[in-house]
Amino acid sequence: MEEGTKRKKTEEKTATENAAAYAQGVPKDLPRAALPDPILTIDVDAHVESFQEKEDARWHSILNAHRTRKILSGTLSGIETLESGWVVAVTYYNGFRVIIPMEEMMINLSGDGRENANTLNRQTRIANNMLGCQIDFMVKDLDAESKSVVASRKDAMMKKRQMFYESENPEEKPMLYPGRIVEARVIAVAARAVRLEVFGVEVSVRARDMAWEWMVDAGEKYSVGDLVLVAVEKVQMKSVDDISITVNAKTGADTNKDNLKKCHKNGKYAGIVTDVYKGTYFIRLSIGVNAVAHFCSTASLPAKRDQVGFVATRINDSFEVAEGIITRIIRRYA
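I will try to describe carefully the structure that is included in this document. The structure displayed is predicted, hence computed values, not measured ones.

What follows concerns the sheet that holds strand β9 (residues 201-206). Read from one edge to the other, the open sheet built from five strands follows the order β9-β8-β7-β10-β11, with strand pairing classed as antiparallel. At either margin of the open sheet sits one strand with a lone partner, and together these are β9 and β11 (242-248). The sheet shows a mean angle of 50° between the axes of neighbouring strands, direction not considered. For strand β8 (residues 193-198) and β9, the ladder comprises six bridges, and the chain directions are antiparallel. When the bridges of β9 are listed, A193 appears paired with R206. This element, helix α4 (residues 153-165), spans β7 (181-189), β8, β9, β10 (227-239) and β11 of the sheet and lies at about 85° to β9.

Counting buried positions over the seven residues of strand β14 (residues 290-296) gives five, a clear majority of the element. Sheet topology note: the strand β13 (residues 280-285)/β14 ladder contains four bridges and is antiparallel. By the bridge assignment, I283 is partnered in β14 with A291. What sits between β13 and β14 in their antiparallel hairpin is a turn of four residues, with G288 showing a positive phi close to 90°.

When you line up the elements, T124 lands in helix α3 (residues 119-129). Other than its neighbours up to four places away in sequence, T124 contacts I79, V87 and M102.

With that settled, consider the pattern of salt bridges. Overall, the coordinates contain 17 salt bridges when judged by the stated rule. Here E80 makes a salt bridge to R97, at a shortest N to O gap of 2.7 Å. Residue E80 is found in strand β2 (residues 78-81), and its partner R97 is found in strand β4 (residues 96-101); the two are separated by 17 residues along the sequence. Relative accessible area serves as the criterion here: at 30%, E80 is assigned to the partly exposed category.

A few words on the packing of aromatic side chains. By the definition in use, this model includes four aromatic pairs. With centroids separated by 5.2 Å and ring planes inclined at 70°, the aromatic side chains of W59 and F96 adopt a geometry described as edge-to-face. Of this pair, W59 sits in helix α2 (residues 51-68) while F96 sits in strand β4; the two residues are 37 residues apart in sequence, bridging distant segments of the chain. Judged by relative accessible area, which is 6%, W59 ranks as buried. Here F164 and F199 contribute two aromatic rings whose centre-to-centre distance is 4.6 Å and whose plane-to-plane angle is 50°, an arrangement assigned as tilted. Highlighted residues: F164 in helix α4 and F199 in the loop between β8 and β9, separated in sequence by 35 residues. What makes F164 buried here is its relative accessible area of 16%. Of note, K147 hangs over the ring of W59, and the distance from its end group to the ring centre comes to 5.4 Å. Over the face of the ring belonging to Y333 we find R305, whose NZ or CZ atom lies 5.3 Å from the ring centre.

Reading guide: rules and limits
One numbering rule holds for all chains: residues counted from 1, following each sequence as written. The predicted nature of this model means local features are confined to residues of pLDDT at least 70 and side-chain atom pairs, given and counted, to a pLDDT of 80 or more, with totals for whole chains, interfaces and linings taken over all residues. To obtain the side-chain values, all non-hydrogen atoms of the structure were used and water was disregarded. Only when DSSP finds a minimum of two bridges between them are two strands counted as paired. A run of DSSP states H or I qualifies as a helix once it reaches four residues; a run of E qualifies as a strand once it reaches two. Both are numbered from the N-terminal end. The angle between two axes is taken between their N-to-C directions and runs from 0 to 180 degrees, where each axis is a line fitted to C-alpha atoms and a helix contributes only its stretch in contact. Any two residues having at least one pair of non-hydrogen atoms within 4.5 Å are treated as being in contact. For every residue, the accessible area (1.4 Å probe, protein chains only) is compared with the maximum for its type, and the residue is labelled buried under 20%, exposed over 50%, or partly exposed between those bounds. We define a salt bridge as a side-chain nitrogen of Lys or Arg found within 4 Å of a carboxyl oxygen belonging to Asp or Glu. Stacked, edge-to-face and tilted labels apply to pairs of Phe, Tyr and Trp rings (six-membered ring for Trp) whose centres lie within 6.5 Å, assigned for plane angles under 30 degrees, over 60, and everything in between, in that order. Charge-over-ring placement is defined geometrically: NZ (Lys) or CZ (Arg) within 6 Å of the ring centre, and within 35 degrees of the ring normal.

That is the geometry; function is a separate question.
Dropping the structure here:
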């Protein structure tokens, strides 16, 4: 009983001393991690980094990347024209704004159909379609005071070309060669084509070579930022500066053959007109079969994207398509 009374008096004394210490602004029996730091941590010995410490660490990683010529990656966030008239692409890395001059974006202009237009306008137009894609870059210059960074996508792509398209040993294959299946980035999507970046080389792939089934618009299946598997068919390399490749995204099993078994002669099916060329209609049937119609028995001619009725008159196993006629227009595309 005396021991319990003594313990109670000790606890009351300690509480009184702590209260007095708080009144004087000097906490007494507190974890020492709470004394020097403004942040009270659950772990007594923990240290919480301040905003400035975190920013310094992030900036240090960019300094190291500049010194070691490391390839960095970021999302293409914007295209801007600076007050000086300089057109730049904008991305962010570790929270810091990175600008890439348009001439350092190394955009492949071949086949864009605007050969007579201004080069900068052509580059800017394609870059606009690339917004949201992942790009590689290397830091060219930086300013520690303003925390501004200037980078080059061209330098990063050239380095990747050396790494993947060249081999140090002439007797060995490079890492990327014809016949190999590789991963590629989707960096732009148009109705009839998809632009890919394949380890430092840009290539435009027709929509028909991106999937077994015909598509009205490549945007139905692909979006900027996607990663796709492609088979490398051809690599033409005169130098690291001059490389062109051909790829095919039909890397999986041929689904056309199996789908074609669902279609029967004289069968009637619904489908979408994916394209019209010189009086020939290309249709994707709702059962997943590609079809071709050379004749329409409708009062007016259907157009691309219209939903139509189709009668199969022949199953062409050689070309893996159903052939027939369009019998009616189910619904016009708005």
